[in-house]
Amino acid sequence: MVNMKRFLCLSLCLALCLVCVTGLRCIQDEGCTEAAIAGLDCEYGHLPGICNRCECAKGPGEVCGGPWGSSGFCAEGLVCDKDPEDFNAEGECRPGKSGDKGPKRG
């Protein structure tokens, strides 16, 4: 009985640690303001990225995706070609199919 309680306690602690490690936590930021945009030199435009921070949009052939879009998002008219089943997958920005509205997150 004592071993079972220890096992359950250890299992619970491990589960809580995994949740903490895989979570995304954002610090309150001003977002994609005119001041933030002024500091960027973006060939393909800008957009709000992770945690609403202003970042340059990715162009054709550039790396995109990753967990929560950590590798960036594609510019308008492009899609991130990556494995849709893998949350952590990175991909490459490619021209979207007709009817796609850009930017594609993920």
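Residues numbered from 1 in each chain as written. Predicted model: local features only at pLDDT ≥ 70, side-chain atom pairs only at ≥ 80, totals over all residues. Heavy atoms only, no water.

Further remarks concern the state of the cysteines. Summed over all chains, the structure comprises 4 disulfides. A sulfur-sulfur distance of 2.0 Å marks the disulfide that ties Cys42 to Cys56. The chirality of the disulfide connecting Cys42 with Cys56 is left-handed, given an S-S dihedral of about -75°. With a gap of 14 residues between them, Cys42 in the loop between α2 (34–38) and β1 (46–48) and Cys56 in strand β2 (residues 54–56) connect regions that are remote in the sequence. At a sulfur-sulfur separation of 2.0 Å, the disulfide partner of Cys64 is Cys80. Where Cys64 bonds to Cys80 through sulfur, the torsion about that S-S bond is close to 95°, and the disulfide is right-handed. A residue pair is termed long-range when its members are at least 10 positions apart, and Cys64 in strand β3 (residues 63–65) and Cys80 in strand β4 (residues 78–81) qualify at 16 residues. Across this residue pair, the class does not change: Cys64 and Cys80 are buried. (Disulfide = S-S within 2.5 Å. Helix = DSSP H or I, 4+ residues; strand = E, 2+ residues; numbered from the N terminus. Buried < 20%, exposed > 50% of the residue type's maximum accessible area, 1.4 Å probe, protein only.)

Time to look at the environment of Gly91. Among the structural elements, Gly91 can be located in strand β5 (residues 90–95). By relative accessible area, Gly91 is classed as buried at 14%. With 12 residues separating them along the chain, Gly91 and Val79 place their C-alpha atoms 9.3 Å apart. Setting aside residues up to four positions removed in sequence, Gly91 forms contacts with Glu62, Val63, Cys64, Cys80, Asp81 and Lys82. (Contact = heavy atoms within 4.5 Å.)

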